[in-house]
Amino acid sequence: MGVAATTLSVRQQLISRLAEARAQSDDLFRLVQPDTIYDRPIPERHRIIFYLGHLEVFDWNLLRRELFGQESFHPEFDRLFAFGIDPVDGGLPSDQPSDWPARAEIERYNQRLRQTIDAFLELARFDATPASTSGRTLLEAAIEHRLMHAETLNYMLHQLPVERKFGRPIVPAPAAPAVAPRRVEIPAGRATLGLLRAEDSPFGWDNEFEAHSVDVPSFAIDVYNVTNRQYLEFLRAGGYQHRALWTDADWEWKQAQGITHPAFWTPRGEEWFYRGMFAEVPLPLDCPVYVSHAEASAYARWAGKALPSEAEWHRAAYGTRHGAERVYPWGEQPPDARHGNFDFHRWDPTPVGAHPTGASAFGVADLLGNGWEWTRTVFEPFPGFEAFAFYPDYSANFFDGKHYVMKGGSARTAACLLRRTFRNWFQPHYPYVYAAFRCVER
């Protein structure tokens, strides 16, 4: 009886979480004006209409094959909406709106998929599947995949002109005194990266395994993310014109694309404005700047510093002076609004230092939420990496030396993705994500 009750509890918890994730993604599609659903806000990404079908089809393709043992009943849609794109060679998608099905047809299919999935979930066994992967793992993957795409949709819709989406009330930023840039010394120590592979391990994506320790020499790190104010100094000092600050590849990209300022900034005469989700506002000087890895790296060279490695970031975020490591920067308590700007509570960043309760043992602020943080670490597998049998290309396709690890989270990152081992990654010339940074000195 105890085991059955536990199984039922896990099942219902997961079904509830899936419903919450669906509500989150559904809400985003309601932001889109009817004539905007076929727009492509970011040249490198699919049109918005793709994501309307992708979220449901991903769940269906994964669960029907691995958990339900069912055949597709619309193979064309199940292939069309199966995978996103991540061009690394400069090529851009060239499809036209007419190449995609009608929105109403996709929505009808989505409804059928949800009803079918929900019916099967009430009956499915969660102990094992034909692929020897637990049903719990599969459903966790479906939930987190949807929540990751909710963030992708957020920054895509951020690039849409304000008049092409339905507005929402703007939540005022929390009151916080302005803080001065400073750094803190992090003593040498060990950083534990990754998850331990064990039967009772919590869910993690394949690139989060295997757990291992790294010796980290002493270094100094910025207490706060680099702000718009600091980055404006770099821009005004000619940082975008100073060839020595950029690698060959980064300079070529910047010149070819005509990059002269962050993608979230808009010049108006002598003044700068921030392109918020629902309004353009004077540049919030005390908020973190959002830039590409190439721009962050150029700033770090200009400042005579560097981006942190993944291990250095971990040491500053989770380490302590006595050697133990924390679950979260602030301790063991689960994330809540006191600790940072995350979990979809706000649409835009808050001033740096606005959540002092979330600081690490070393006093480093804003490590979770308010903007993913670039590292200088190339995205590679940890020792002992094994691709998921049910999703073999999730990480492996990106171990190409062309992506960099990001840590932390943004205002639009779900709380479940704030675990210590979660790794995000992007190309260095991708300027649209909510990506902040801080610098280190050794």
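In this report, we go over the structure that sits alongside the text. (Residues numbered from 1 in each chain as written. Predicted model: local features only at pLDDT ≥ 70, side-chain atom pairs only at ≥ 80, totals over all residues. Heavy atoms only, no water.)

### Focus on helix 5 (residues 135–158)
So, point 1. In this model helix 5 runs 35 Å from its N-terminal to its C-terminal C-alpha over 24 residues, within 8% of the 34 Å that 1.5 Å per residue would give.
So, point 2. Burial analysis of helix 5 places 22 of its 24 residues in the buried class, the great majority of the element. (Helix = DSSP H or I, 4+ residues; strand = E, 2+ residues; numbered from the N terminus. Expected span 1.5 Å × (residues − 1). Buried < 20%, exposed > 50% of the residue type's maximum accessible area, 1.4 Å probe, protein only.)

### Brief notes about empty space enclosed by the protein
So, point 1. Enumeration over the complete set of coordinates arrives at 1 cavity of 30 Å³ or more.
So, point 2. Of the voids in this model, the largest cavity is the one considered here, and its volume is about 40 Å³.
So, point 3. What lines the largest cavity is simply Asn 228, Phe 264, Trp 265, Tyr 274, Pro 288, Tyr 290 and Pro 349.
So, point 4. Of the residues that constitute the lining of the largest cavity, the class distribution is 6 nonpolar, 1 polar and no charged. (1 Å grid on protein atoms, 1.4 Å probe; cavity = no way out; pocket = protein on both sides within 12 Å on 5 of 7 lines; lining within 4 Å. Points joined across faces, edges and corners; volume = space filled by probe spheres on them. Nonpolar A, V, L, I, M, F, W, Y, C, P; charged D, E, K, R; others polar.)

### What about the sheet that holds strand 12 (residues 440–441)?
So, point 1. One open sheet holds the 3 strands; their spatial order is 1-4-12, and the pairing between them is antiparallel. One side of each edge strand has no neighbouring strand; the edge strands of this open sheet are strand 1 (183–186) and strand 12.
So, point 2. Relative to strand 12, strand 4 (residues 219–222) is paired through 2 bridges, and the arrangement is antiparallel. Bridged to Ala 220 within strand 12 is Glu 441.
So, point 3. Each of strand 1, strand 4 and strand 12 touches helix 9 (residues 310–318); the most contacted strand, strand 4, lies at about 75° to it. (Pairing = 2+ DSSP bridges. Contact = heavy atoms within 4.5 Å. Axes fitted to C-alpha atoms, helices over the stretch in contact; angles between N-to-C directions.)

### Some remarks on the nonpolar core
Most often, soluble globular proteins keep nonpolar side chains buried together rather than apart.
So, point 1. Membership of the largest hydrophobic core comes to 101 residues, with the highest contact counts inside it found for Tyr 155, Trp 205, Tyr 231, Trp 374 and Phe 437.
So, point 2. The element that contributes the greatest number of residues to this core is helix 2 (residues 48–68), accounting for 13 residues.
So, point 3. If you look at the next biggest cluster of nonpolar residues, it comprises 27 residues, including Ala 191, Phe 219, Tyr 224 and Tyr 328. (Core = buried A, V, L, I, M, F, W, Y, C linked by side-chain atoms within 4.5 Å.)

### Some remarks on the packing of aromatic side chains
So, point 1. The tally for this structure, following the rule as stated, stands at 45 aromatic pairs.
So, point 2. An angle of 25° between the planes, with centres 4.3 Å apart, marks the rings of Trp 205 and Tyr 394 as stacked. Pair noted here: Trp 205 is in the loop between strand 2 (189–193) and strand 3 (212–216) and Tyr 394 is in helix 10 (residues 393–396), with a separation of 189 residues, a long-range link.
So, point 3. Residue classification places Tyr 394 among the buried positions, given a relative accessible area of 8%. (Phe/Tyr/Trp six-rings, centres within 6.5 Å; stacked < 30°, edge-to-face > 60°.)

### Regarding unusual backbone geometry
So, point 1. For the peptide bond that leads from Phe 209 to Glu 210, omega is 5°, which places it in the cis range.
So, point 2. With respect to the helices and strands, the residue Glu 210 is situated in the loop between strand 2 and strand 3.
So, point 3. Backbone geometry at Asp 343 places phi at a positive 65°, although glycine is not the residue there.
So, point 4. By the element assignment, Asp 343 lies in the loop between helix 9 and strand 8 (372–378).
So, point 5. Phi is positive for Asn 370, which is not a glycine, with a value near 75°.
So, point 6. Note on placement: Asn 370 falls in the loop between helix 9 and strand 8.
So, point 7. Residue class for Asn 370 comes out buried when judged on its relative accessible area of 2%.

### Quick look at the side chain of Gln 159
So, point 1. Inspection of the secondary structure assignment puts Gln 159 in the loop between helix 5 and strand 1.
So, point 2. Among the polar contacts made by the side chain of Gln 159, one reaches the side chain of Arg 275 at a distance of 3.1 Å.
So, point 3. If we skip the residues at most four places from it in the chain, Gln 159 touches Pro 41, Ile 42, Phe 264, Arg 275 and Tyr 432. (Polar contact = N/O pair within 3.5 Å; in protein donor to acceptor, adjacent residues only side chain to side chain.)

### Looking at the sheet that holds strand 6 (residues 271–275)
Adjacent strands of a sheet form backbone hydrogen bonds with each other and so pair up, either parallel or antiparallel.
So, point 1. Ordered by their spatial adjacency, 3 strands build an open sheet running 5-6-7, and the pairing between neighbours is antiparallel. With partners counted over all chains shown, the strands left at the sheet margins are strand 5 (265–268) and strand 7 (280–282), one partner each. In this sheet, neighbouring strand axes are inclined to one another by 40° on average, regardless of whether the strands run parallel or antiparallel.
So, point 2. In this fold helix 6 (residues 228–236) packs onto strand 5 and strand 6, with an angle of close to 60° to the strand it touches most, strand 5.

### Some points on the packing of helix 2 against helix 4 (residues 103–121)
So, point 1. With their axes 10 Å apart at the nearest point, helix 2 and helix 4 run at an angle of 30° to one another. Between helix 2 and helix 4, the angle falls in the class roughly parallel. As for how helix 2 packs across helix 4, the hand of that crossing is left-handed. Across the interface between the two elements, Ile 49, Leu 52, Gly 53, Glu 56, Val 57, Asp 59, Trp 60, Leu 63, Leu 67 and Phe 68 of helix 2 pack against Arg 103, Ile 106, Glu 107, Tyr 109, Asn 110, Leu 113, Arg 114, Thr 116, Ile 117, Phe 120 and Leu 121 of helix 4.
So, point 2. Tallied by class, the residues present in the contact of helix 2 with helix 4 amount to 13 nonpolar, 3 polar and 5 charged. (Parallel < 35°, antiparallel > 145°, perpendicular 65-115°, else oblique. Left-handed = near helix turned anticlockwise from the far one by under 90°.)

### As for the pairing of strand 4
So, point 1. The alternating pattern of strand 4 places Phe 219 and Ile 221 on one face and Ala 220 and Asp 222 on the opposite face, and all of these are buried.
So, point 2. Here strand 1 pairs with strand 4 via 4 bridges, running antiparallel. Pairing of Arg 183 across the sheet is with Asp 222, part of strand 4.

### A few points about the side chain of Asp 366
So, point 1. Among the secondary structure elements, Asp 366 is positioned in the loop between helix 9 and strand 8.
So, point 2. The side chain of Asp 366 is buried and forms no salt bridge, while Arg 438, the nearest opposite charge, is found at 5.7 Å.
So, point 3. A polar contact of 2.7 Å, which involves the side chain of Asp 366, links it to the backbone nitrogen of Gly 353.
So, point 4. Setting aside chain neighbours within four positions, we find Asp 366 in contact with Tyr 224, Asn 225, Val 352, Gly 353, Ala 354, His 355, Glu 373 and Arg 438. (Lys, Arg positive; Asp, Glu negative; His and termini not counted. Salt bridge = Lys/Arg side-chain N within 4 Å of Asp/Glu carboxyl O.)

### With respect to helix 7 (residues 248–257)
So, point 1. Three or more residues of helix 7 are buried, namely Asp 250, Trp 251, Trp 253 and Lys 254. Projected down its long axis, helix 7 shows its buried positions confined to an angular sector of 160°, all on one face. Residues of helix 7 that are exposed and point over 90 degrees away from its buried face: Asp 248, Glu 252 and Ala 256.
So, point 2. Where the residues of helix 7 are buried, they touch helix 8 (293–302).
So, point 3. Gly 258 sits one or two positions beyond helix 7 and adopts a positive phi of about 65°. (Arc of directions from axis to C-beta.)

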